[in-house]
Amino acid sequence: MSTQPSATSSGVRALLARIVAPPGTKRLGLRFVRNVGRGDIVDAWQKGFRDNAVVPVAQLQRRIDQLDAWMPAFKDGDTLVFTYLPGTAVAVEIDGVRK
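Fair warning: this is a prediction, and the values are worked out from it, not measured in the lab.

Caption draft 1: Summary view of the sheet that holds strand E1 (residues 26–31). Pairing in this open sheet of four strands is antiparallel, and the strands run E1-E2-E3-E4 from one edge to the other. Each edge of the open sheet is held by one strand with a lone partner, namely E1 and strand E4 (97–98). In this sheet, strand E3 (residues 89–94) lies alongside strand E2 (residues 79–85) in antiparallel orientation, the contact comprising six bridges. Residue pairing across strands places Thr83 opposite Ala91, the latter belonging to E3.

Written as structure tokens, this is what we have:
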């Protein structure tokens, strides 16, 4: 029997729980391999938070709006990095520039 989670929503959540459970700084880096319009990335954040938030989205809306405001149109090769700093915040960097 495989210990790898399936590609279902519950499987992805189980994998994420294993990744974020250990204490310490966490970093998620994305390198775009195609152009992604600003509207597409903002729509993806909105849908992602709406479909996956564990608290009412209204409680997060101010932060989501700030994240959306930072989003440019991404080009092939651009980077987006999220760094979770325990007890502090999540830092966002776009192409090496911290927001």
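Caption draft 2: How the structure looks around helix H2 (residues 38–52). If you check H2, its first and last C-alpha atoms are 21 Å apart, about what 15 residues at 1.5 Å a residue would give, namely 21 Å. Taken residue by residue, H2 has Ile41, Val42 and Trp45 as its buried positions. Down the axis of H2, the sector holding all buried residues measures 100°, keeping them to one side. Facing away from the buried side of H2 by more than 90 degrees, the exposed set consists of Asp40, Asp43 and Arg50. Where H2 is buried, its residues contact helix H3 (57–70) and E2.

Criteria and cut-off values
- Residues numbered from 1 in each chain as written.
- Predicted model: local features only at pLDDT ≥ 70, side-chain atom pairs only at ≥ 80, totals over all residues.
- Heavy atoms only, no water.
- Pairing = 2+ DSSP bridges.
- Helix = DSSP H or I, 4+ residues; strand = E, 2+ residues; numbered from the N terminus.
- Expected span 1.5 Å × (residues − 1).
- Buried < 20%, exposed > 50% of the residue type's maximum accessible area, 1.4 Å probe, protein only.
- Arc of directions from axis to C-beta.
- Contact = heavy atoms within 4.5 Å.

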